[in-house]
Amino acid sequence: VLSVLFSDLAGFTTLSEKLTPTQLVQLLNHYLTEMTDIVLAEGGIIDKYEGDAIMAEFGAPLPLPDHAYRAVRAGLKMQQRLKELRQMWKGQGLPELRCRVGINTGAMIVGNMGSNQVFDYTVIGDSVNLASRLEGANKRYNTHLMISEFTLGCLTPGLFRTRVLDVITVKGKSKAVKVFEVVGENTHPAESNDEIYYRTYEEAFNLYLSREFGEAR
């Protein structure tokens, strides 16, 4: 049982058309270096880069009992660091990058996979696929860090501020999964307006599940 993190840049195709190849590589390498530092500092490993996408695991090859916590904290730190980098890039006339992160926790196969000639140390399984789907699902909900109910269930209650987003059926799965946005850590107090918003949102979501759509709206 491990936690897997997928991240991807929003609008990367459009971004790549606005920069020269050299500018694009320099910006991408800077971004990937900063994000990788965070993953490694939280005890995760980089599985692979695919263009602007990052795949990382927490809990292997050395066991980490708090792998879900480390993965979620890494996702939050990635967003926080990217916010700082945007200010710097803006001053340099560069595009302001934004990324989406999806995290899931579950059973998976880990080890060397590939051909006899070329192989990677990686993970595979239904839990991995779900993490990847959650990263993409952020786009529909205009969110930046989405986790599954399975990851939430592995976290110590009260460490993170979360809000339920929906009960969704992602591509390739027949069973619906409850998903959550991670808003921040509870050690950092939220703005009062945010607290009111998220409390109201939760009330509305419960009404929605009760099919009281008028009141929910």
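Everything in this summary refers to the structure shown in the same document.

The rules behind each value
Residues numbered from 1 in each chain as written. Predicted model: local features only at pLDDT ≥ 70, side-chain atom pairs only at ≥ 80, totals over all residues. Heavy atoms only, no water. Helix = DSSP H or I, 4+ residues; strand = E, 2+ residues; numbered from the N terminus. Buried < 20%, exposed > 50% of the residue type's maximum accessible area, 1.4 Å probe, protein only. Core = buried A, V, L, I, M, F, W, Y, C linked by side-chain atoms within 4.5 Å. Contact = heavy atoms within 4.5 Å. Salt bridge = Lys/Arg side-chain N within 4 Å of Asp/Glu carboxyl O. Polar contact = N/O pair within 3.5 Å; in protein donor to acceptor, adjacent residues only side chain to side chain. Pairing = 2+ DSSP bridges. Axes fitted to C-alpha atoms, helices over the stretch in contact; angles between N-to-C directions.

Details of the environment of Val25
Logical step 1: As for its position among the elements, Val25 is in helix α2 (residues 21-41).
Logical step 2: Here Val25 falls in the partly exposed class, since its relative accessible area comes to 46%.
Logical step 3: Once the C-alpha coordinates of Val25 and Ser7 are considered, the two residues, 18 residues apart in sequence, prove to be 18 Å apart.

Section: the nonpolar core
Logical step 1: Among the nonpolar cores identified, the biggest contains 37 residues, and Tyr31, Met78, Leu97 and Ile103 are the most heavily contacted of them.
Logical step 2: Element by element, the count of residues in this core is highest for helix α3 (residues 67-91), at nine residues.
Logical step 3: For Leu97, the contacting residues outside a window of four places in its chain are Leu9, Leu15, Leu27, Tyr31, Leu82, Arg86 and Trp89.

What about the pattern of salt bridges?
Logical step 1: Applying the stated criterion across every chain, the model contains eight salt bridges.
Logical step 2: For Lys77, the salt bridge goes to Glu42, with nearest N and O atoms at 2.8 Å. Taken together, the positions of Lys77 in helix α3 and Glu42 in the loop between α2 and β2 (45-50) put the pair 35 residues apart, joining distant regions of the chain.
Logical step 3: Judged by its relative accessible area of 2%, Glu42 is buried.

Some words on the side chain of His67
Logical step 1: By secondary structure assignment, the location of His67 is in helix α3.
Logical step 2: Among the polar contacts listed, one links the side chain of His67 to the backbone oxygen of Val1, at a separation of 3.4 Å.
Logical step 3: If we skip the residues at most four places from it in the chain, His67 touches Val1, Leu2, Ser3, Phe58, Gly59 and Thr105.

Structural notes on the sheet that holds strand β3 (residues 53-58)
Logical step 1: Taking strand neighbours across the sheet as the criterion, the seven strands line up as β2-β3-β1-β4-β7-β9-β8 in an open arrangement whose pairing is mixed. Edge strands, defined here as strands with exactly one partner in the open sheet, are β2 and β8 (160-168). Each strand axis lies, on average, 20° off the axis of its neighbour in the sheet, ignoring direction.
Logical step 2: For strand β4 (residues 99-106) and strand β7 (residues 145-148), the ladder comprises three bridges, and the chain directions are parallel. Its bridge partner being in β7, Ile103 is matched across the sheet by Ile147.
Logical step 3: The sheet strands contacting α2 are β1 (2-9), β2, β3 and β4, and the helix crosses β2 at an angle near 160°.
Logical step 4: Of the strands in this sheet, β8 and β9 (177-185) touch helix α6 (residues 192-209), which is tilted by about 30° from β8.

Note that every value here comes from positions in space, so none of it alone points to a role or purpose.
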